[in-house]
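A structural walkthrough
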Amino acid sequence: MTANPPSDPNAGHTIRSWLLTTDHKRIAVLYLVSVTFFFLIGGAAAGLVRADLLTPEGDLLTNEGYNRAFTLHGVIMVWFFLIPSIPNVFGNFLIPLMIGARDLAFPRLNLLSWYVYVLGGLFTLIVLLVGGVDTGWTFYTPLSSMFSNGHVVLVAAAVFIVGFSSILTGLNFIVTIHKLRAPGMGWGRMPLFVWSHYATSIILVLATPVLSITLVLIAAERLFGLGIFDPASGGDPLLFQHLFWFYSHPAVYIMVLPALGVISELVAAAARKPVFGYSFVAGSSIAIAIIGFFVWGHHMFVSGQSMYASAVFSFLSLAVAVPSGIKVYNWTATLYKGNILLDPPFLFAMSFIGLFVVGGLTGIALAMLSIDVHVHDTYFVVAHFHYIMVGGTISAYFGALHFWWPKMFGRMYPLTWGRITAATIFFGFNLTFFPQFILGFLGMPRRYHVYAPEFQTLHVLSSAGSTLLGFAYLLPFVYLGYSLVAGKRASANPWGARGLEWTVPSPPPKHNFVEIPTVTGRPYDYPIDKEDSR
């Protein structure tokens, strides 16, 4: 393998050079800025919701205002942060580096996907400025098609547009992984991060068009009065739920699978050991992607679908826990007798595993018909999916940010502040959402801002936790921003980790490698030579 030159010091830093770049690393940074912007807006909407829930009377917002606040929070967080965050930021930056390529297969398509994302985001901001929408992020009919007073068509257009960004990114990743792997990098030598993004891309390409078509049908019914979901016109409102959840349950794995890939990298680097059961962990990503297409009906246990169909969906939903469990058990075995240092990326990984296990176990409970019927549409469900989609995915996102930040920007950050942030996020998250399990079990329905007084204590705890969580989410802006200006320069491999991305300078040069490397060893070939460790 040939030594690489230092980063190109003549790379342009004008606005034009950024807006027209086809360098996958720069596009990743553009995504980092964009998703951070929408994360702040979505987080502010969540703060508004939690502030309103401090009192049983819902003094802060009107009924309509509350509906619009939690809808905005859901739409922005799902489609403009959680889905694109890890794939579009870290997948973009790392996949070519990890497989020994100079760029993604279609660099211009990659830039186009960012512009499409921004266009969808602009539509969402317009919706925000003109008054919002009140349907919830699920757009359930007949509310969205017949009764909603919000700007349903406009927000549907926003999600429709951003869906194309997801499809373009998924297509680019699939072709890149198939065609641009370095010599010697067979499928059995790919990093698990790449495996998880391959599985995610399959879902993006196959499932996203279904959502797009469904949103077009809603718009057609609202604009032209077509009888698609309206029973009075011969339509079927349950058809919408089938179509929506056929996309949206796999969408959960679009959010989680990249996070699982991140954690595999962080655990191996922290333990300085090969990932235990590499083949099973890689295969479990594909299994989750495949099984995820057959479980949508478990969202509809109380919708009137056949009890036989519900039983089948219940079984399949339980089955998806098997590959998820394989990952957790293999990470635990990897850590066993590892030489572990309590660095920020490792703490975020541990935070992810803890929150993911709680979310997964409560997901098993919800997959069972008897329990789901009892807690359906209560705060129990809200807590469950936040543990998976927010606690898990955002912990992995921050873990990735702290692990690859030195590689992306060539600067180290204060590790102590990273540790404080990881611990505060974990504590704040549990204080926010664990009380909601109890609220749901006691019968507090979701989407209500006026509630019985006996629920207030748990709501106040939840709102206090969300305040702490919001503070913790803002901390990295300070010390990571500081590191860009005054941080110590990072070496090529500050963590002593394995992987092709750690063989190039920090930040990587424009085309990554002077010569395409030849891969001769296994992935995670620890222990590493003493001179390569920090």
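Residues numbered from 1 in each chain as written. Predicted model: local features only at pLDDT ≥ 70, side-chain atom pairs only at ≥ 80, totals over all residues. Heavy atoms only, no water.

**Considering the packing of helix α14 (residues 379–409) against helix α16 (residues 456–486)**
Two elements in contact, α14 and α16, have axes whose closest approach is 12 Å; the angle formed by their N-to-C orientations is 10 degrees. The orientation of α14 relative to α16 falls into the category roughly parallel. The handedness of the crossing between α14 and α16 is left-handed. Counted together, Y379, V390, I394, F398, L401, H402, W405 and F409 of α14 and H459, Y473, P476, Y479, L480, S483 and L484 of α16 form the full contact between these two elements. (Axes fitted to C-alpha atoms, helices over the stretch in contact; angles between N-to-C directions. Helix = DSSP H or I, 4+ residues; strand = E, 2+ residues; numbered from the N terminus. Parallel < 35°, antiparallel > 145°, perpendicular 65-115°, else oblique. Left-handed = near helix turned anticlockwise from the far one by under 90°. Contact = heavy atoms within 4.5 Å.)

**Let's talk about the pattern of salt bridges**
Scanning all chains against the criterion turns up six salt bridges. With a shortest N-O distance of 3.4 Å, D343 and R419 are connected by a salt bridge. With D343 in the loop between α11 (321–335) and α12 (344–367) and R419 in helix α15 (residues 415–441), this pair connects stretches of sequence that are 76 residues apart. Here D343 falls in the buried class, since its relative accessible area comes to 9%. A relative accessible area of 30% places R419 in the partly exposed class. The network of salt bridges with common partners includes D377, R446 and R447. (Salt bridge = Lys/Arg side-chain N within 4 Å of Asp/Glu carboxyl O. Buried < 20%, exposed > 50% of the residue type's maximum accessible area, 1.4 Å probe, protein only.)

**Here's the deal with the environment of A311**
If you trace the backbone, A311 turns up in helix α10 (residues 307–319). Taking the C-alpha atoms as reference, A311 lies 42 Å from S34; in sequence the two are 277 residues apart.

**Topic: the UniProt feature "domain: Cytochrome oxidase subunit I profile" (unreviewed entry) in the protein**
Here, the residues flagged by UniProt with the feature "domain: Cytochrome oxidase subunit I profile" (unreviewed entry) are residues 18–520. As annotated, residues 18–520 comprises 71% helix and 0% strand, and the C-alpha atoms at either end are separated by 36 Å. (UniProt positions renumbered as here; feature names shortened; annotations may be inferred.)

**Remarks on the packing of helix α3 (residues 63–99) against helix α4 (residues 107–130)**
Orientation of α3 relative to α4, taken along the N-to-C sense of each, is 165 degrees, at an axis distance of 12 Å. With respect to each other, α3 and α4 are oriented roughly antiparallel. Between α3 and α4 lies a crossing of left-handed hand. Contact with α3, carried on its side by L72, I76, W79, F80, P84 and N92, involves N110, Y117, G120, G121, T124 and L128 of α4 and no other residues of that element. Of the residues in the contact of α3 with α4, the class split is seven nonpolar, five polar and no charged. (Nonpolar A, V, L, I, M, F, W, Y, C, P; charged D, E, K, R; others polar.)

**Focus on the nonpolar core**
Counting 161 residues, the largest nonpolar core has W79, F80, F90, F139, I263, F352 and W404 as the members making the most contacts within it. Top contributing element to this core by residue count: α3, with 22 residues. (Core = buried A, V, L, I, M, F, W, Y, C linked by side-chain atoms within 4.5 Å.)

**Topic: the side chain of S466**
As for its placement among the helices and strands, S466 is situated in helix α16. The exposure class of S466 is buried, given its relative accessible area of 19%. Filtering out sequence-adjacent residues up to four positions away, S466 remains in contact with R50 and T432.

**Here's the deal with the packing of aromatic side chains**
Per the counting criterion, the structure on display carries 43 aromatic pairs. Ring geometry for F229 against F240: centres 5.6 Å apart, planes inclined by 85 degrees, an arrangement best described as edge-to-face. In this pair, F229 is assigned in the loop between α7 (192–224) and α8 (237–271) and F240 in helix α8, connecting sequence segments eleven residues apart. Overall, F229 belongs to the buried group, its relative accessible area being 0%. (Phe/Tyr/Trp six-rings, centres within 6.5 Å; stacked < 30°, edge-to-face > 60°.)

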